[in-house]
Amino acid sequence: MVAATHAVIVFDGRVFGPLVPRAVQDGCRGLASLLGTPLLQVELQQTASEPWRFVSATGMADFRIGGRPLVKALAQTLATREAA
């Protein structure tokens, strides 16, 4: 059986990308927090025997995963920080 691979992006404590269970979202947010990074892409695999398995994480995010909601959140954060 081939494992399904999923990627999500954590930005400022919010998870963007495909819908994953709340516990997985919480784990991804926790990882970003522990690493001290506001932007983190997390790769996961899903199989019948292991529903969710961590594969990798990187600070080089593919913005297509988060789509327009991620881009809007990033633009809003940058605009807010620039105004401050």
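Residues numbered from 1 in each chain as written. Predicted model: local features only at pLDDT ≥ 70, side-chain atom pairs only at ≥ 80, totals over all residues. Heavy atoms only, no water.

Q: Would you take a moment to explain the sheet that holds strand E3 (residues 39-46) for this structure?
A: Sheets are built from strands paired through backbone hydrogen bonds, the pairs being either parallel or antiparallel. The antiparallel open sheet is built from four strands, whose spatial order is E2-E1-E3-E4. With one partner strand each, in any of the chains shown, strand E2 (14-16) and strand E4 (53-58) form the two edges of the open sheet. On average, each strand axis in the sheet is inclined to that of its neighbour by 30°, with strand direction left out of account. The pairing of strand E1 (residues 4-11) with E3 spans eight bridges and is classified as antiparallel. Along E3, the bridge assignment pairs Ala-4 with Gln-46. Running over the sheet, helix H1 (residues 22-35) touches E1, E2, E3 and E4 and is turned about 140° from E3. (Pairing = 2+ DSSP bridges. Helix = DSSP H or I, 4+ residues; strand = E, 2+ residues; numbered from the N terminus. Axes fitted to C-alpha atoms, helices over the stretch in contact; angles between N-to-C directions. Contact = heavy atoms within 4.5 Å.)

Q: I tried to follow the nonpolar core on my own but got confused; where do I start?
A: Side chains of a nonpolar character, in soluble globular proteins, are inclined to be buried together. Val-8, Val-10, Val-20, Val-24, Cys-28, Ala-32, Leu-40, Val-42 and Leu-44 form the largest nonpolar core, which has nine residues in total. Going through the elements one at a time, E1, H1 and E3 are the ones with two or more residues in this core. Setting aside its immediate chain neighbours within four residues, Val-42 contacts His-6, Ala-7, Val-8, Cys-28, Leu-31, Phe-54, Ser-56 and Ala-57. Counting residues in each nonpolar core, the second largest holds seven residues, with Ile-9, Phe-16, Ala-61 and Ala-73 among its members. (Core = buried A, V, L, I, M, F, W, Y, C linked by side-chain atoms within 4.5 Å. Buried < 20%, exposed > 50% of the residue type's maximum accessible area, 1.4 Å probe, protein only.)

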